[in-house]
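# Observations on chain architecture
For reference, the chains in residue letters:
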Amino acid sequence: MAWCLPSLFLLLLPIPAALTSMRRCHLDQLGVGGAFQDGDVILGGMFPIHYKTLLREISFTEPPRRPTCETFSFRAYRWVLSMLFTIDELNSNLAILPNLTLGFGIIDSCNAVLGALEGITRLTTGKENVIPNYSYQESPRLLAILGDAGMMQTVAMAQHLGIYRIPQLLHYVRLVRFQANIQEEIFFDANGYTPPIYDVINWQVNTHGLVNFIKVGSFDTSAPQGQDLVINDSAILWKGGSHQPTRSVCSESCPPGYRKVERQGEPACCFECLPCSAGNIANQSDSTDCLKCPDDQWSNDSRDKCVPKEIEFLVFSEPVGALLTSVAVTGSLLPVTILLIFIKHQDTPIVKANHQALSYVLLLALASCYLCSLIFIGQPSIWTCMLRQAAFGILFTFSLSCILAKTTVVVFAFKATKPNSQLKRCVGPKLPNSVVFFSTLLQVMLCTSWLASWPPFPEKNMTSQLGKIIIECNEGSSKAFWCMLGYMCLLVGISFVMAFLARKLPDSFNEAKHITFSMLVCGSVWVSFIPAYLSTRGKHMVAVEIFAILASSTGLVMCMFLPKCYIILLKPDMNTREYLLGSKTFKKR
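The rules behind each value
- Residues numbered from 1 in each chain as written.
- Predicted model: local features only at pLDDT ≥ 70, side-chain atom pairs only at ≥ 80, totals over all residues.
- Heavy atoms only, no water.
- Helix = DSSP H or I, 4+ residues; strand = E, 2+ residues; numbered from the N terminus.
- Buried < 20%, exposed > 50% of the residue type's maximum accessible area, 1.4 Å probe, protein only.
- Areas by Shrake-Rupley, 256 points an atom, 1.4 Å probe, with all protein chains shown as cover.
- pLDDT = per-residue confidence, 0-100.
- Contact = heavy atoms within 4.5 Å.
- Disulfide = S-S within 2.5 Å.
- Axes fitted to C-alpha atoms, helices over the stretch in contact; angles between N-to-C directions.
- Parallel < 35°, antiparallel > 145°, perpendicular 65-115°, else oblique.
- Phe/Tyr/Trp six-rings, centres within 6.5 Å; stacked < 30°, edge-to-face > 60°.
- Lys NZ or Arg CZ within 6 Å of the ring centre and 35° of its normal.
- Polar contact = N/O pair within 3.5 Å; in protein donor to acceptor, adjacent residues only side chain to side chain.
- Patch = residues over 30% accessible without salt bridge, like charges linked within 9 Å, V, L, I, M, F, W, Y side chains within 5 Å.
- Salt bridge = Lys/Arg side-chain N within 4 Å of Asp/Glu carboxyl O.
- Pairing = 2+ DSSP bridges.

## Details of the overall build of the chain
Scanning the chain from N- to C-terminus turns up 15 helices and 20 strands. The buried share among the 589 residues of the chain stands at 37%. Surface summary for the chain: the accessible area is close to 35,700 Å², and the carbon and sulfur share equals 62%.

## Points about the confidence of the model for the chain
When pLDDT is averaged along the chain, the result is 80, and 80% of the positions lie at 70 or above. Averaged over each element, pLDDT in the chain is lowest for helix α1 (residues 4–12) (33) and highest for strand β14 (residues 280–281) (94). Across residues 1–25 the pLDDT falls below 50, and counting only partners more than four positions away or on other chains, this stretch makes three contacts in the model. Counting interchain partners and residues more than four positions distant, the pLDDT-below-50 stretch residues 583–589 has four contacts.

## Some words on the state of the cysteines
Between two cysteines, a covalent bond joining their sulfur atoms is known as a disulfide. Taken as a whole and judged by the stated rule, the model has five disulfides. Put simply, C254 and C273 are joined by a disulfide, and their sulfur atoms are 1.9 Å apart. Around the S-S axis, the bridge from C254 to C273 shows a dihedral of about -90° and counts as left-handed. You can see C254 sitting in the loop between β11 (229–231) and β12 (258–262) and its partner C273 sitting in strand β13 (residues 271–275), a full 19 residues away along the chain. Note on C254: relative accessible area 0%, which makes it buried. Among the residues examined, C273 registers a relative accessible area of 28% and is labelled partly exposed. Each sulfur of the disulfide joining C385 and C473 lies 1.9 Å from the other.

## So, the packing of helix α12 (residues 512–534) against helix α13 (residues 539–570)
Between α12 and α13, the shortest axis-to-axis distance is 8 Å and the interhelical angle comes to 175°. In terms of axis orientation, α12 runs roughly antiparallel to α13. Where α12 approaches α13, its residues H514, I515, F517, S518, M519, V521, C522, V525, W526, F529, A532 and Y533 are matched on the opposing element by M541, V544, E545, A548, I549, A551, S552, G555, L556, C559, M560 and P563.

## Digging into the packing of aromatic side chains
Inspection of the entire model under this criterion finds 16 aromatic pairs. When the ring of F496 is compared with that of F500, the centres are 6.2 Å apart and the planes differ by 25°; the resulting orientation is stacked. Here F496 and its partner F500 are both found in helix α11 (residues 478–501), four residues apart, which amounts to about one turn of the helix. On the accessibility criterion, F496 (27% relative accessible area) is partly exposed. Among the aromatic side chains, those forming a connected cluster through ring pairs are F392, F396, W450, F481, W482, W526, F529 and Y533. Directly above the ring of F271 sits K260, whose terminal nitrogen or CZ lies 4.5 Å from the centroid.

## A few points about the environment of Q37
In this structure, Q37 sits in strand β1 (residues 34–37). Q37 gets classed as partly exposed once you look at its relative accessible area, which sits at 36%. In this structure the C-alpha to C-alpha distance between Q37 and G105, which are 68 residues apart in sequence, comes to 6.5 Å. Apart from residues no more than four positions distant in its own chain, Q37 is found in contact with I42, N91, L102, G103 and F104.

## A look at the side chain of T536
Relative to the helices and strands, T536 is located in the loop between α12 and α13. With a relative accessible area of 18%, T536 lands in the buried category. Here the side chain of T536 touches A532 through a polar contact of 3.2 Å, landing on its backbone oxygen. T536 has contacts with M541 and V544, leaving out every residue within four places of it along the chain.

## Quick look at a nonpolar patch on the surface
Together, F72, F74, Y77, L81 and L84 give the surface a local cluster of nonpolar side chains, amounting to about 470 Å² of exposed area. Among the elements that make up the nonpolar patch, the one with the highest residue count is helix α3 (residues 74–92) (four residues). With respect to the helices and strands, L81 occurs in helix α3.

## Considering the sheet that holds β11
The strand order across the open sheet formed by three strands is β9-β10-β11, and the pairing between neighbours is antiparallel. Of all strands in the sheet, those with a lone pairing partner are β9 (197–205) and β11, marking the two edges. Strand-to-strand twist in this sheet, taken as the mean axis angle between neighbours without regard to direction, amounts to 30°. Sheet topology places strand β10 (residues 211–220) next to β11; three bridges connect them, and they run antiparallel. What sits directly across from F219, in β11, is L229.

## Examining the environment of C273
C-alpha of C273 to C-alpha of S253: the two residues are 20 residues apart in sequence and 8.2 Å apart in space. Excluding residues within four positions of it along the chain, C273 makes contact with E252, S253, C254, Y258 and R259.

Right under this line is the structure:
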């Protein structure tokens, strides 16, 4: 019952005599003005000729005073004149609407919803003092109404006209087409619409502070494409009286390759331009986000387009590849040269000592180790990936097996000189041959099972290095790869231990010291190889492995054979049986 209290309060107020004298109910009106002309059909027009409404304060002690319209609009008045001129042209041309005259009813809505509703009611009823839902006209001659310029008034008019089912414009003239006196063709489509032509108006403030509406262009929907919009840039006057467009006073436009990031607590026009991160692009100005490039592409330096990633692998033509190739080829000539020297001096004691044939085979194996590193250079293929690790593993294992065999010969030869030694039966050509065969056979079996079960293959690595596609060999099984290297390290360790223990045997037939140093160099290279290999990517991994092959091969050649070549070529007096047997040393004593 709370809603009754205000009503009760109003009833207790003193009622003015003027209100008590009122005997009838009436509808207060804005009193809109208008112009009318009779005709067979009536075309209505609702224009905000005055665009300011003065509403009176309601005191509740006297009848509300009528609102008044103020401030005349010359712009709306031009619309009125255009409508009157058009109707006059249509009525004067008998070819357009034969046996039919157009009348009009033009109402000033005062740019207010109240005025629009009052004007609509006046047009639909036909009288100034209106009675809603009642028409004084003999027939509904109102054809259509040109709507108001304001949205609120237009919506109210549309809702009101919907009740009377008055038809959106020119229902009877949709097929009319004629040439106006101003050499402009007037026509309507099947839906009663005429292609609109819009004027582009620039509001310009003059020196007196008044706004002038200057036409600076037009938009004609019936014109050919590309000629529909015409703008006269020189006629446009921007803020401040400048003929140049106003620029942002906060932030410049972000160029391609950058993205916009709003500044916290500042207007939306204030932002920072941040460059796109690597692998992302922005191909338009003022981009709010960067686009990620496909996996096989990368962003260019300006970050405005994606380009194919650089394909990388170790090639012969680049400096690193050319250097390693030169070292491999040159290095392979070193054991070959030593082999030729040994063959030329094959009858000398120093060449015959410690299994001459085994030395020849070892030199050929080391030359092959140099050359097998060339398989690692160039674009990986399915055959080079399968061949390179297996070839290197077997050849290097064969070389280490030969060294192990030479060490075994030294140890067994001097152990067999002891009385009643059971090792006399083992000393002979079969011992080194068996050591080389069985040591190499284990590596061959390991590599064969590796290639049969998990063969290496070439692949494109797109993730290990930014902006590059690395073509590399996937080893198939990393366990098999490390087992192969582990077995070679085992042979190095065994040879080193045996040679170290035999280092103090008589020098005449002893290579133990040379073998000890060669195994120490070889072991140091491959122990250093492991962290270096694991810490690199792409072609640098291949370069590290090639360097380890060349360095270890060079270490074996230099430690095993250069001292002998020094004696053969520069100290021939030491290359005698008496010297090797220690006779000179005995005579000096």
